[in-house]
Amino acid sequence: VSLRVYKGGNNSFCIQDHIPSTIDEISLYKNGASKLRMGSTYSQIEIYRLLGEPVLSTVSNGVVALAYRGVTLRFAADIKDGKWSAGRLFSIVVRNQGDFTLGEEIYVGMNVSELLLVYPMFDECNYQSSFKNVDGEFTLSFEFDDFGNVTRIDLGESVG
C-alpha cells in the first residue's frame, strides 16, 4: 500500500492511496472442496478421478482442453498419437453457475458488491488481479452482466 499526499488546485490537498492488486493464490473448487492448483501437473487419470469425465475433450498443439458443465480447463501436455497422460494446468474459465468456484468465495453469479467484500481493491484495478506461486504467475479477471453479476471468471498464466 502506498499513500501520497500532494497539493492540488485552490489551496487544497489531494490524497492518492494505491492498494496493490495482487491476491493470495486461488485454486479450483468443486462442490466446496479444493481440487486443482494453478501451475501444477496432473495425470489424466487424476483429473478424471477428481472431476469426473469431461463433457468435451480436445487435444491440439500441445494443449489439452477439458470442458465440464460450467468450467473449461487447459493443460500444457506432451501429446503422442493424439493422446496425453499428464499436463500442467495453465488456464481455468468458469462460465456458468454450478459446482465450480475459484477459492471458496468466488463464483459466477455473485454480484460485484459481494466480490468487493472479498477483494475491496478490485474496482480500482479494472476487476483484474494477479498472484504468484512456486509454479508461475497468474492473472484473474471478471466479466459482468448489465446488473453487475459475474458472468465469467478467467484465471490464466501470465504471458510475457
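**Q** Give me the sheet that holds strand E3 (residues 27-30): which residues, what numbers.
**A** Read across the sheet, 3 strands follow the order E4-E3-E10 without closing on themselves; strand pairing throughout is antiparallel. On the outer flanks of this sheet lie strand E4 (33-37) and strand E10 (100-102), each paired with one strand and no other. For this sheet the average axis-to-axis angle between neighbouring strands, irrespective of direction, equals 35 degrees. Bridge count between E3 and E4: 4 bridges; the pairing is antiparallel. Counterpart to Leu-28 in the pairing with E4 is Leu-36. Of the strands in this sheet, E3, E4 and E10 touch helix H1 (residues 44-51), which is tilted by about 155 degrees from E4.

**Q** Now, about the environment of Tyr-42: what can you tell me, with residues and values included?
**A** Among the structural elements, Tyr-42 can be located in strand E5 (residues 41-43). By relative accessible area, which is 9% here, Tyr-42 ends up buried. Separated by 45 residues in sequence, Tyr-42 and Gly-87 place their C-alpha atoms 5.6 Å apart. Filtering out sequence-adjacent residues up to four positions away, Tyr-42 remains in contact with Lys-35, Leu-36, Arg-37, Ile-47, Phe-75, Trp-84, Ser-85, Ala-86, Gly-87 and Leu-89. For Tyr-42, the side chain forms a polar contact with the main-chain nitrogen of Arg-37, separated by 2.7 Å.

**Q** Any chance you could break down the side chain of Lys-30 for me, citing the residues and the numbers?
**A** Inspection of the secondary structure assignment puts Lys-30 in strand E3. One buried charged residue, Lys-30, remains without a salt bridge, the closest side chain of opposite sign being Asp-99 at 5.2 Å. Lys-30 has contacts with Lys-35, Leu-50, Leu-51, Asp-99 and Phe-100, leaving out every residue within four places of it along the chain.

**Q** Can you tell me about the environment of Thr-58, naming the residues and giving the values?
**A** Topologically, Thr-58 is positioned in strand E6 (residues 56-60). Residue Thr-58 is classed as partly exposed on the basis of its relative accessible area of 39%. Along the sequence, Thr-58 and Arg-74 sit 16 residues apart, while their C-alpha atoms lie 9.5 Å from each other. In contact with Thr-58, other than residues within four places in its own chain, are Val-63, Val-64 and Ala-65.

**Q** Help me get a handle on the nonpolar core, residues and values and all.
**A** With 37 residues, the main nonpolar core has Leu-73, Ile-92 and Leu-102 as its most contacted residues. Looking at this core, the elements that each hand over two or more residues are H1, strand E7 (63-68), strand E8 (71-80), strand E9 (83-94), E10, strand E12 (136-144) and strand E13 (150-157). The contacts of Leu-102, once residues within four sequence positions are left out, are Ile-26, Ser-27, Leu-28, Ile-92, Val-94, Leu-140, Ile-153 and Leu-155.

How each quantity is defined
- Residues numbered from 1 in each chain as written.
- Predicted model: local features only at pLDDT ≥ 70, side-chain atom pairs only at ≥ 80, totals over all residues.
- Heavy atoms only, no water.
- Pairing = 2+ DSSP bridges.
- Helix = DSSP H or I, 4+ residues; strand = E, 2+ residues; numbered from the N terminus.
- Axes fitted to C-alpha atoms, helices over the stretch in contact; angles between N-to-C directions.
- Contact = heavy atoms within 4.5 Å.
- Buried < 20%, exposed > 50% of the residue type's maximum accessible area, 1.4 Å probe, protein only.
- Polar contact = N/O pair within 3.5 Å; in protein donor to acceptor, adjacent residues only side chain to side chain.
- Lys, Arg positive; Asp, Glu negative; His and termini not counted.
- Salt bridge = Lys/Arg side-chain N within 4 Å of Asp/Glu carboxyl O.
- Core = buried A, V, L, I, M, F, W, Y, C linked by side-chain atoms within 4.5 Å.

Purely geometric stuff here, so don't read any function into it on its own.
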